[in-house]
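Descriptive structure summary
Next come the chains, spelled out residue by residue.
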Amino acid sequence: MQATGRKTLVLTGASRGIGHATVKRFSAAGWRVITCSRHAFSDKCPWPSGPEDHIQVDLSDPENLGYAVSEMRKRLESDGSKLHALVNNAGISPKNDTGGRLDSLSTPMHIWRNVFQVNFFAPIMLARGLFHELKAAQGSIVNVTSIAGGRVHPFAGTAYATSKAALAGLTREMAADFGPHGVRVNAIAPGEIDTAILSPGTEKLIEDIPLRRLGRPDEVADTIFFLCSAPSSYVTGAEIHINGGQHV
């Protein structure tokens, strides 16, 4: 089969929140979206070709990552598609037994390793595994970091925060390494976004946000789309704060 000329996105963590909004944003612009999450395809987040372009995979297992890359490449090759964007959105932030924050004294090492596997190692393993497809399209990579990567957060645990800080550093390194091949690499750092996974008490943080409101998932998705499209063609190595000024 011949490629249709339609642009293609690979998105991890697609089943809810920012991922769901990102699927809708790119689909509305006519992109093919290949999604990847540990959950089966959900009819609560429908999009054209959703079921057949969804890959159920647990990114905490390195062997599963190899399968995911192989499956993604197979689907791209089936119709001659190039890969125009990779968005590493999947992330985990475990809590303690009472739903509280795991700090640096209390986080079990196996949880720390699991968090880094999903939040830090999976993005670079996917980017490396799909490098040739991204290079062929002069594509774009967007890593989703967090406001917690730059400051101690009342809800996000230490493992999550340090993995996101590491991912921000990795984004700079990747921008330097992938750039000569025509592939741009940027990050977005969301703050308090109004999704179903908000921690109880988040509303108390609004008074510390200059815009005095939570962000919307579609606002994050719009920024991701910008970083994967022509208006950002000379932007690489950046980390864009999407937090209503909370970082200032």
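It should be noted that the structure appears before, not after, this text.
Just so it is clear, the structure is predicted and the values come from calculations on it, not from any experiment.

1. A few points about the packing of helix α1 (residues 17-28) against helix α6 (residues 217-227)
Closest axis-to-axis distance for the α1/α6 pair is 8 Å, and the angle between their directions is 55°. Classified by the angle between their axes, α1 and α6 sit oblique to one another. Crossing of α1 against α6: the hand is right-handed. In this structure, α1 contributes Gly17, Ile18, Ala21, Thr22, Arg25 and Phe26 to the contact, and α6 contributes Pro217, Asp218, Val220, Ala221, Asp222, Ile224 and Phe225. Partitioning the contact of α1 with α6 into residue classes produces eight nonpolar, two polar and three charged.

2. A word on the pairing of strand β6 (residues 184-190)
With respect to burial, β6 is a largely interior element, seven of its seven residues being buried. Sheet analysis places strand β5 (residues 140-144) next to β6, joined by five bridges and oriented parallel. Within the sheet, the bridge partner assigned to Asn143 lies in β6 and is Ala187. Strand direction decides the pairing type here: β6 and strand β7 (residues 239-242), joined by four bridges, are parallel. The residue of β7 that forms the bridge with Pro190 is Ile242.

3. Focus: unusual backbone geometry
Of note, Gln138 is a non-glycine position whose phi angle comes to about 50°, a positive value. Mapped onto the secondary structure, Gln138 falls in the loop between α4 (131-137) and β5. In this structure, Arg212 is a non-glycine residue whose phi angle is positive, near 55°. Relative to the helices and strands, Arg212 is located in the loop between β6 and α6. For Arg212, a relative accessible area of 52% puts it in the exposed group.

The rules we used
- Residues numbered from 1 in each chain as written.
- Predicted model: local features only at pLDDT ≥ 70, side-chain atom pairs only at ≥ 80, totals over all residues.
- Heavy atoms only, no water.
- Axes fitted to C-alpha atoms, helices over the stretch in contact; angles between N-to-C directions.
- Helix = DSSP H or I, 4+ residues; strand = E, 2+ residues; numbered from the N terminus.
- Parallel < 35°, antiparallel > 145°, perpendicular 65-115°, else oblique.
- Left-handed = near helix turned anticlockwise from the far one by under 90°.
- Contact = heavy atoms within 4.5 Å.
- Nonpolar A, V, L, I, M, F, W, Y, C, P; charged D, E, K, R; others polar.
- Buried < 20%, exposed > 50% of the residue type's maximum accessible area, 1.4 Å probe, protein only.
- Pairing = 2+ DSSP bridges.

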